[in-house]
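Residues per chain are reported as follows:
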Amino acid sequence: MQLKFNETKRQLSEDIVVQGVAKLLDDYIINSKKSGSKVLQQKPPREIAEALGAEKILKHGFASESDLLSFISTYLTHTNHLKNPKYLGHQVAVTQNLSGIPEWINGVINNPSSLYEMGPAGATLEGVMINYMLQKLGWFAGSDLYDLRSFPDGGSGFLTHGGSIANLTALAAARAAIAPNAWEEGNPKDLVVIGPASSHYSIGRAISILGLGKNSFVPVPVFENEKMDIAALETVYQQVRRDGKRVMAVIANACATSTGLFDNLNAIGNFCQKHNLWYHVDGAHGASALLSSTYKEVLDGIQTADSLIWDAHKMMRVPALCTAVLFKKARHQKQAFQQKGSYVFHENEVVGIDSMPYTVECTKSALGTKLFWTFALYGEQGIVDYIDTTFGMARSFYELLQTHEDFYCPFVPESNILCFQYTKMPDYLKNQLALRYAIIDQGKFYLTSCEIQGVRYLRVVFMNPETTLEDCKALLQEIEKTAASL
Ligand SMILES: Cc1ncc(COP(=O)(O)O)c(C=O)c1O
């Protein structure tokens, strides 16, 4: 007997479901923005699993359309409302309302884009978007955005699932440049990576994953604001040379995760050129400033890098995850992973472009489509306005804090990230974290906290373009009220 798989036997009406989900999402957005609504509400996981009825649905599936819609409604209740203007939390994109469409399409057609033959439209848009980013950097060697040829000494790149994997990939390319045999024979013992002590943890993690060992990261001292001390860079380098080590890469922050401040990319670039060192810029958060004529000077010198990572799921409003790994010279990208796979990496010329030989992932989502879509919805100016608005809000908030003597702000912001302390409470240096948790427990505001040079601060990241100065004033009142009750 032949068994037939019948997907429609439960007969969920797709029309009812699609319309129902659209309505739920619409209501979700409207409710998220209502004054007084909560931005987050963290319940224990068991409570959420029980509310969702996860076990029953897992075993038997949705019983009906209304069962499915009621599940989604409960699911949405237990989410964080990033569309709420009081969302000032992590560096996670506040997406456009229609940002989910490429994810929906891909969920239906499932065309991974790592091989052109598996997803021609997605792979093409990835190539176009990489060319666009290379153009912004001045690394593009082609004739127009549709020119997907590879030029060994021209720029190249691909999209990957997140900044952490992107940093790992770029550092693998740096390793291939200095130690071409490492892929076959393992790492030489004398390689180190130099970078600001404030580097993102994914840099250290990448170094360990590459097998160099955590201690191969040599931190360069940073100033109080977490920016690299450029004079100390030369000192650290000379010490490394005296120790008989070779520098595999020098890292710069654009910008630092905690403070949102940018390293002096020009000075570090000059240093790398002088000593002929691989220069990697971690632009996960800040590289998007390249699009803004108002703010792009914070990235002066970025084009002197050999490799750059650039998260689109932070400041380009793309749903997580989508990161570009970009190389000034395509030949460096090609050297990073020296592998053959008989079923995917062919010697023969293939139609279109394949990113699979260069990525950690084998199968990869249609990331180019998501990135293209963020521009497609409101045009390039829509993203530029977003960056200008959110960066501008951090400055406005900084100025507001200057008028309040009970708040201390250690630096002028250069991006949409700002750290500050509330000082009018006993033991205030010790109590910033408790204050943060007390605030998010109430659910009206979502803000984070970080340590800078061992000192704890409150931290806001302006990701929502609808956040206003009135929201900031309300936050200050909330802080004062909450601190009084601690
Ligand atoms: C400077 C920097 N690099 C890398 C990352 C890691 O990026 P992802 O979260 O996409 O893995 C972050 C994340 O915040 C970051 O701020």
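About the criteria used
- Residue numbering note: each chain is counted from 1, following its sequence as written.
- The model is predicted, so local features are restricted to residues of pLDDT at least 70 and side-chain atom pairs to those at 80 or more, both for listing and for counting; the totals for chains, interfaces and linings are taken over all residues.
- Labels follow the DSSP assignment, with helices taken as runs of H or I lasting at least four residues and strands as runs of E lasting at least two, numbered in each case from the N terminus.
- Radius of gyration here is computed from C-alpha atoms only, and the compact-globule reference equals 2.2 Å multiplied by the residue count raised to the power 0.38.
- In this scheme every C-beta is placed from the backbone, and a residue whose C-beta has 20 or more other C-beta atoms within 10 Å is buried, one with 12 or fewer is exposed, and one in between is partly exposed.
- Placing C-beta atoms from the backbone, we regard two residues as in contact once those atoms come within 7 Å.
- In short, DSSP must find at least two bridges between two strands for them to pair.
- Only the C-beta atom matters for nearness: placed from the backbone, it must lie within 6 Å of the molecule or strand for the residue to count as near.
- Ten residue types, Ala, Val, Leu, Ile, Met, Phe, Trp, Tyr, Cys and Pro, are classed as nonpolar, four, Asp, Glu, Lys and Arg, as charged, and the remainder, Gly among them, as polar.
- Only the contacting stretch of a helix is used when fitting its axis, a line to C-alpha atoms as for every element, and angles between N-to-C directions run 0 to 180 degrees.
- Orientation categories follow fixed angle ranges, with anything under 35 degrees roughly parallel, anything over 145 roughly antiparallel, 65 to 115 roughly perpendicular, and all other angles oblique.
- Here is the rule for handedness: rotate from the far helix to the near one, and if that takes an anticlockwise turn smaller than a right angle the crossing is left-handed, while a clockwise turn gives right-handed.
- By convention the nonpolar core is taken to be a set of buried residues drawn from Ala, Val, Leu, Ile, Met, Phe, Trp, Tyr and Cys and joined through C-beta atoms within 7 Å.

### A few points about the overall build of the chain
Here is step 1: The secondary structure content of the chain amounts to 16 helices and 12 strands.
Here is step 2: For 486 residues, the compact-globule estimate of 2.2 N^0.38 gives 23 Å, and the chain sits close to it at 24 Å.
Here is step 3: Expressed as lengths along the three principal axes of its C-alpha atoms, the size of the chain is roughly 75 × 65 × 40 Å.
Here is step 4: Here the chain holds 486 residues, and 42% of them are scored as buried.
Here is step 5: Of the contacts made within the chain by residues no fewer than 6 positions apart, 73% connect residues no fewer than 24 positions apart.

### Structural notes on the sheet that holds strand β11 (residues 446-452)
Here is step 1: The 5 strands are arranged β1-β11-β12-β10-β9 in an open sheet whose pairing can be described as mixed. Either end of the sheet is taken by a strand with one partner, and the two such strands are β1 (87-88) and β9 (407-408).
Here is step 2: As paired strands, β9 and strand β10 (residues 417-422) are joined by 2 bridges and run antiparallel to one another. Paired with Y408 across the bridge in β10 is Q421.

### Side note on the site of the ligand
Here is step 1: The immediate surroundings of the ligand are formed by 15 residues, with G163, S164, H200, T257 and A284 found nearest.
Here is step 2: Grouping the constituent residues of the shell around the ligand by class yields 2 nonpolar, 11 polar and 2 charged.

### Overview of the packing of helix α1 (residues 14-33) against helix α4 (residues 65-77)
A pair of packed helices is characterised by two quantities: the angle between their axes and the separation of those axes.
Here is step 1: Contact geometry for α1 and α4: axes closest at 10 Å, N-to-C directions at 20°. By the angle between their axes, α1 is roughly parallel relative to α4. Crossing geometry of α1 relative to α4 is assigned as right-handed. Residues I16, V17, G20, V21, L24 and Y28 of α1 touch α4, and the partners they reach there are E65, L68, L69, I72, S73 and L76.

### A word on the nonpolar core
Nonpolar side chains tend toward joint burial in soluble globular proteins.
Here is step 1: Grouped together as the largest cluster of nonpolar side chains are 117 residues, with contacts concentrated most on A249, V250, A254, I268, A324 and L326.
Here is step 2: With 11 residues, helix α14 (residues 367-402) is the largest single contributor of residues to this core.
Here is step 3: A254 has contacts with F262, D263, L265, V281, D282, G283, G286, A287, L299 and I302, leaving out every residue within four places of it along the chain.

### So, the pairing of strand β8 (residues 323-327)
Here is step 1: Counting buried positions over the 5 residues of β8 gives 5, a clear majority of the element.
Here is step 2: Note: strand β2 (residues 156-160) against β8, 5 bridges, orientation antiparallel. Directly across from G157, in β8, lies its bridge partner L326.
Here is step 3: Both strand β7 (residues 307-311) and β8 contribute to a ladder of 5 bridges, which runs antiparallel. Across the sheet, I309 pairs through a bridge with V325, a residue of β8.

### Things to note about unusual backbone geometry
It is generally the case that most residues other than glycine have a negative phi and that most peptide bonds are trans.
Here is step 1: For the peptide bond that leads from A254 to C255, omega is 10°, which places it in the cis range.
Here is step 2: Here C255 shows up in the loop between β5 (246-253) and α11 (265-275).
Here is step 3: The omega torsion across A320 and L321 is 0°, close enough to zero to call that bond cis.
Here is step 4: A positive phi angle, near 80°, is found at E226, a position not held by glycine.
Here is step 5: Positionally, E226 belongs in the loop between β4 (217-220) and α10 (230-242).
Here is step 6: For E226, a count of 25 C-beta atoms within 10 Å translates into the label buried.

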